[in-house]
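Report on the structure
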Amino acid sequence: MTTNNGNEKRQGFYLNMGPQHPSTHGVLRVLLEMDGEYVLEAEPVLGYGHRIQEKMGESRPWKGFMPNTSRLDYVGALICTHGYIGLIERMTGIEAPLRAEYIRVITSELNRISSHLLWLGAFLLDLGAFTPIMYTFDDREQILDILEDVTGSRLTYCYFRVGGVNRDIDATFIAKTRAFIERLRSRFRIYHDLVTTNIIFIKRVQDIVHLTPDMAMRYGITGPLLRSTGVGYDIRKSEPYSVYADFDFEVPVGTSGDCLEVYLVRLEEMEQSLRIIEQALDRLPDGPHLAKTPKKLPLPQGDASFSVEAARGEFTYYLVSDGSEVPYRLKIRSPCFSNLSILPELCRDMLLSDLVMVLGTLDLVIPEIDR
Amino acid sequence: METVGTLPPQLLRMILSAVVVIAFVFMNGLLLGYLERKLAGRFQLRPGPMEVGPQGMLQMVADAVKLIGKQFIIPRQSSTTLFRLAPFLAFVPVGVSFIVIPLSSKLQVLDLDMGLIFIIAVMAFNMVATLVAGWVSNNKYALFGAVRSVAQGVAYEIPMLLSLVTVVLLTHSFSMRAMVLSQSHIWHVFMQPVAFVIYFIAGLAETHRAPFDLPEAESELTAGFHTEFSGICFSFFFLAEYTNMFFVCSIAVTLFLGGWSGPPLPWMEYSGAIWFMLKVYVLLFIMIWIRWTFPRVRFDQLLNFCWKYLTPIALLNLLITALVVKL
């Protein structure tokens, strides 16, 4: 096959990257048309991990689909579940007690930090630095331990309930979380010392690609990728759900939209999440953690949607109900699908090493794309 | 006695040396492999291998047994002969170049007049092995690795040689033994710090160590040129890499760090060899340290760094040295 590049036609050869490749982070396959080490065209091929999640949501009572929501974006599972619970609450009009909302915010933000930490390690691993992932995993492990105490699981949590959360948090949880915040702040200094100022790292990620706000919006890109271009779009600010409006935090934005900015935005986002958690812990109200809900709860006829700011961008559930307990139609909009779709345009005429780096920047969780 | 008497002493010496060298290469591979994994563990907040033997010391032996026991898979449509030959092409030169390394004043297989040139020439052969391995694998990733390896090897050979030549100007000899003897007053590293640094950087690239490990960049090329090799053949590449590291460091020690010289130790006879090994392993430790600290450079950055910085600086350094020596 030949491609048009300017006026000259170049002859390329195909290279299959994946589905089993160390840096596609799951069962993603990228079909590359190469000219030597240069990538002429990159085409992501999906479907290796498809589990008909949406159809599953349409073929059982809404309660039965709750555990599935944490299997979509399993790295930030709580936030993912938050969207679905929020949608059901919006449709049925059930309100969670204030304490439950605070607990949701605290655990969601912890989950967001753990997701970003995983990304940080994996991204640097893609750049060939093996050691950082061990440090970030060490930090992430602390979060998983904290969340395990309260949710009972370490990765695919089913903790949020319609009308609250499954289990109340106690003084041990609060003490552990506060200790973790201290610890992570000191670890950020290590990361900045060893990574942010590393000349090889900067040369590898700076000015390789420039994502413009226009490009990002054409592809529906959200999350840190969009914010790195200078657009301060964050669902937690623009249409606050839960109790996010009560907290004082900033939405970090970049300017040029290159991979270094994405990295900095994500690091700053972790810092802001820590601030939210601190405020929430300080102001944690007393009261019940779970509202009383009827055992059988049919969804009223009509449709509704609910968006949350997941670790990778806007996560939206859209549900159409015919009045029964089983949703008539459930549509899930996941951020990574849109974020991945820009890859062909971003990666035209770039080196293979840079493609791996850009793929790492996108922070893909494949089961969330292949639902 | 009679058999020994009938053998010419030179031949006996060769046979003994060959046995010792091969044994040493394997032991060094095991030790370095263990050291690397243990140190990597230390750098990464984990204990490293702990299960096999005390402190996991027999882990590498267990791994070697596993690798030997594994099936050797030859990819379809690849040249069987060359595919089998490639690991040996990688492994044999590193064994051969051992003969000129002076471990101590008495412990050297053969002191060639052209020792340094010999060792550089034989070590460059490693590149051929990599190219053959990548080419016959019939795998695009392996080919990428091989092409990268050759481009990198050719580029970094130049600053490496230029920096070594500066030392030759000081010693007026290519013999490895003479190099050490000429440093009895002051080590060359103090007279030629620039050359030493350039040599060490080029050595990292030459041995495909991070941050220059592009031929086997696992996040890009899965495993690079040895993607298709399994079992014992993979372990030959592995051994070749570790032995190559040892050579790069022992050349550095011989040429820049005074070789076997050092304050006498209680074990008088062996103190030279002990000092030599100590210095080599300090350099190897630095190599391992660098590998587990830095991210990988990109391919064009790697070549730019060589052609735009290392080579001109090495040339300039050589020019200045030549002028100073002449005056």
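Everything discussed here concerns the structure shown above.
What to know about the overall build of chain B
Along chain B, the regular secondary structure elements total 13 helices and zero strands. Secondary structure elements in chain B, listed N-terminal to C-terminal, are α-α-α-α-α-α-α-α-α-α-α-α-α. Taken over the C-alpha trace, chain B has a radius of gyration of 20 Å; the compact-globule value for 327 residues is 20 Å, and the two agree within 12%. Projected onto the principal axes, the alpha-carbon positions of chain B cover approximately 60 × 60 × 45 Å. In chain B, of all internal contacts separated by at least 6 residues, the share reaching a separation of at least 24 is 77%.

Structural notes on the overall build of chain A
For chain A, the helix and strand inventory stands at 15 helices and 11 strands. On C-alpha atoms alone, chain A measures out to a radius of gyration of 21 Å, which is about the 21 Å that the 2.2 N^0.38 rule sets for 371 residues. Considered along the principal axes of its C-alpha atoms, chain A spans approximately 70 × 50 × 35 Å. Looking at the 371 residues of chain A, the share that counts as buried comes to 49%. Look at the contacts in chain A between residues 6 or more apart in sequence, and 69% of them connect residues 24 or more apart.

Some details on the interface of chain A and chain B
Contacts between chain A and chain B engage 25 residues on the former and 23 residues on the latter. At the level of secondary structure, the elements contributing two or more residues to the side of chain A that touches chain B comprise helix 4 (98-126), helix 5 (132-151), helix 7 (199-205) and helix 14 (352-361) of chain A. The greatest single-element share of the side of chain A that touches chain B, amounting to four residues, is contributed by helix 7 of chain A. Of the residues belonging to the side of chain A that touches chain B, the class tally is 14 nonpolar, six polar and five charged.

Let's talk about the sheet that holds strand 8 (residues 302-310) of chain A
Strand pairing in a sheet is mediated by backbone hydrogen bonds. Such pairs are either parallel or antiparallel. All names here are of chain A. The three strands are arranged 8-9-10 in an open sheet whose pairing can be described as antiparallel. Every interior strand has two partners, whereas the edge strands, strand 8 and strand 10 (329-333), have only one. For this sheet the average axis-to-axis angle between neighbouring strands, irrespective of direction, equals 10°. Of the pairings in the sheet, the one linking strand 9 (residues 313-321) to strand 10 comprises five bridges and is antiparallel in character. Counterpart to Val320 in the pairing with strand 10 is Arg329. Where helix 3 (residues 77-92) meets the sheet, it contacts strand 8 and strand 9, and its direction lies at approximately 150° from that of strand 8.

Here's the deal with unusual backbone geometry
Its identity is not glycine, yet Asp349 of chain A carries a phi of approximately 55°, on the positive side. Here Asp349 of chain A is to be found in the loop between helix 13 (343-346) and strand 11 (350-351).

With respect to the pairing of strand 5 (residues 38-45) of chain A
Residue and element names in this part refer to chain A. By the bridge criterion, seven bridges tie strand 4 (residues 29-35) to strand 5 in an arrangement that is antiparallel. Bridging from a neighbouring strand, Val30 pairs with Pro44 of strand 5. Both strand 5 and strand 11 contribute to a ladder of two bridges, which runs antiparallel. Of the residues in strand 11, the one forming a bridge with Val39 is Met350.

Structural notes on the sheet that holds strand 5 of chain A
Judged by pairing direction, the sheet is antiparallel, and its four strands sit side by side in the order 3-4-5-11 (chain A) without closing on themselves. One side of each edge strand has no neighbouring strand; the edge strands of this open sheet are strand 3 (13-17) and strand 11 of chain A.

Digging into the packing of helix 5 (residues 115-136) of chain B against helix 6 (residues 140-171) of chain B
All names here are of chain B. Contact geometry for helix 5 and helix 6: axes closest at 8 Å, N-to-C directions at 170°. Our classification of the angle between helix 5 and helix 6 gives roughly antiparallel. Where helix 5 abuts helix 6, its residues Leu116, Ile120, Ala124, Met127, Thr130, Leu131, Ala133, Gly134 and Trp135 lie against Ala142, Leu143, Gly145, Ala146, Ser149, Val150, Gly153, Glu157, Leu161, Leu164 and Val168. Counted by class, the contact of helix 5 with helix 6 contains 14 nonpolar, five polar and one charged residues.

So, the environment of Tyr159 of chain A
All names here are of chain A. Along the chain, Tyr159 falls in the loop between helix 5 and strand 6 (160-161). Residue classification places Tyr159 among the buried residues on the basis of 23 C-beta atoms within 10 Å. A C-alpha to C-alpha distance of 9.8 Å links Tyr159 and Ala77, two positions 82 residues apart in sequence. Not counting residues within four places of it along the chain, the set of residues in contact with Tyr159 comprises Leu78, Thr107, Thr151, Val165 and Asn166.

Structural notes on the packing of helix 2 (residues 9-43) of chain B against helix 11 (residues 231-256) of chain B
All names here are of chain B. Running from amino to carboxyl end, helix 2 crosses helix 11 at an angle of 90°, the nearest separation of the two axes being 9 Å. Judged on the interaxial angle alone, helix 11 and helix 2 are roughly perpendicular. Contact with helix 2, carried on its side by Val25, Asn28, Gly29, Leu32 and Gly33, involves Leu239, Tyr242, Thr243, Met245 and Phe246 of helix 11 and no other residues of that element. Taken together, the residues of the contact of helix 2 with helix 11 break down into six nonpolar, four polar and no charged.

Calculation criteria
Residues numbered from 1 in each chain as written. Chains lettered and ligands numbered in written order. Predicted model: local features only at pLDDT ≥ 70, side-chain atom pairs only at ≥ 80, totals over all residues. Helix = DSSP H or I, 4+ residues; strand = E, 2+ residues; numbered from the N terminus. Rg over C-alpha atoms; globule rule 2.2 N^0.38 Å. Contact = placed C-beta atoms within 7 Å. Buried ≥ 20, exposed ≤ 12 C-beta atoms within 10 Å, placed from the backbone. Nonpolar A, V, L, I, M, F, W, Y, C, P; charged D, E, K, R; others polar. Pairing = 2+ DSSP bridges. Axes fitted to C-alpha atoms, helices over the stretch in contact; angles between N-to-C directions. Parallel < 35°, antiparallel > 145°, perpendicular 65-115°, else oblique.

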